[in-house]
Amino acid sequence: MRLMVEYSNHVPVLLDEVVAGLDVIPGGRYIDCTVGAGGHAEAILEASAPGGQLLGIDADPHAVSVTSARLRPYGSSVLLVNDNFRNLEAICTRYSFYPVHGVLFDLGISSLQLAGEGRGFSFRAEEPLDMRFSPDQRLTAADIVNTYFEEDLAEILRSYGEEPHNRRIAREIVAHRPLLTARELAQLIERMSGGGRRGRIHPATRTFMALRIAVNEELESLKSALEQATRLLGKGGRLAVISFHSLEDRVVKAFMHEESRECICPPGVPVCICGHQATLRLISRKAIMPSAEETERNPRSRSARLRVAERI
Ligand SMILES: C[S@@+](CC[C@H](N)C(=O)[O-])C[C@H]1O[C@@H](n2cnc3c(N)ncnc32)[C@H](O)[C@@H]1O
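With seven of 10 residues buried, helix H3 (residues 39-48) is to be regarded as a mostly interior element. Residues Gly39, His40, Ala41, Glu42, Ile44, Leu45 and Ser48 constitute the buried set of H3. On its buried side, H3 packs onto helix H2 (15-21), strand S1 (29-32), strand S2 (53-58), helix H4 (61-70), strand S3 (78-82) and strand S4 (100-106).

Moving on: the site of the ligand. Residues in contact with the ligand amount to 22 residues; listed here are only the nearest, Pro12, Thr34, Gly36, Ala37 and Gly39. Mapped by element, the contributors of at least two residues to the shell around the ligand are H3 and S2. Of the residues in the shell around the ligand, the class split is eight nonpolar, 10 polar and four charged.

Next up on the list: the nonpolar core. Counting residues in hydrophobic clusters, the biggest one holds 48 residues, and the most contacted among them are Cys33, Val103, Ala229, Leu239, Ala240 and Ile242. Contact partners of alanine 240, with chain neighbours within four places excluded, come to Val18, Gly21, Leu22, Gly102, Leu104, Leu306 and Val308.

It is worth spelling out the domain arrangement of the chain at this point. Split into domains, the chain comes out as domain 1 (2-112 + 218-311) and domain 2 (117-216). If you average the C-alpha positions of domain 1 and of domain 2, the two centres end up 28 Å apart. Opposite the 10 residues of domain 1 that make contact, domain 2 presents eight residues. Secondary-structure elements contributing two or more residues to the side of domain 1 that touches domain 2 are H4 and helix H12 (218-232).

Rules of the game
- Residues numbered from 1 in each chain as written.
- Predicted model: local features only at pLDDT ≥ 70, side-chain atom pairs only at ≥ 80, totals over all residues.
- Buried ≥ 20, exposed ≤ 12 C-beta atoms within 10 Å, placed from the backbone.
- Helix = DSSP H or I, 4+ residues; strand = E, 2+ residues; numbered from the N terminus.
- Contact = placed C-beta atoms within 7 Å.
- Near = placed C-beta within 6 Å.
- Nonpolar A, V, L, I, M, F, W, Y, C, P; charged D, E, K, R; others polar.
- Core = buried A, V, L, I, M, F, W, Y, C linked by C-beta atoms within 7 Å.
- Domains from an automatic or database assignment.

Take a look at the structure:
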């Protein structure tokens, strides 16, 4: 019962758009690289019945155990694996799960993780500054906050959080070490910003996002996993990616656009020397966004962007 309440806390975003984007067919074989609470996975299993198969991956062991209870009714149609999607090809090779009809990434964290399991993802929580998706990872947010040089900290906040006050925040963090809980860090940034919010956004939002991206090496893993996913798709298979902030979306857009071009030589090169061949066809040039009705119903969806491409 507790598990059911937990996963019902997470509302999957762009659900119909994902099923349509992946062009799910009965008997198809799909990979959900970020299975989380299993909302998208369940919709894919429903649409691919009878005979569909789904491999669900998540770096978070808690997500996998919650979701395995949710997806139990689908029996042997589902295989759940607790691993990082940066190991996608190795996982698929281990289970002979390829070629596939579709691969989904729904990036970031789930409401299960935000709701608090003691990992400090939410700045409201009196929890240790951890932020690891998986307890097997070594680096925590506390390590970065309490041991990195001020310049390195500022650089993380700048490059992964696009935080305009990165230098000031880094200076204050170093001056107030050690910072042990998510709330301590959030309150420090709140005090620096005069206690106010920037519009609807809490002043610590960008810092928390930057730390999470750095702890989990999110952008590096994503780039590598997109390449692996493309190789696993059969001809006509679909790649669908939902991102929640511009840094992620930039990686996805650049990857899909580059993979949809025959030549990626720099402008001005008279004859092609790159030898690159297109592997993807863009299904829509622009990202698909949630409807007004969805953002009203689920405010978390407001920054979601879905991009879809097809293997050629
Ligand atoms: C937004 S949630 C997915 C929610 C899911 N689509 C649903 O309907 O419930 C993102 C999930 O991806 C997982 N995740 C993020 N980065 C990952 C990575 N590199 N490898 C594996 N899982 C990852 C997180 O642990 C989290 O559970």
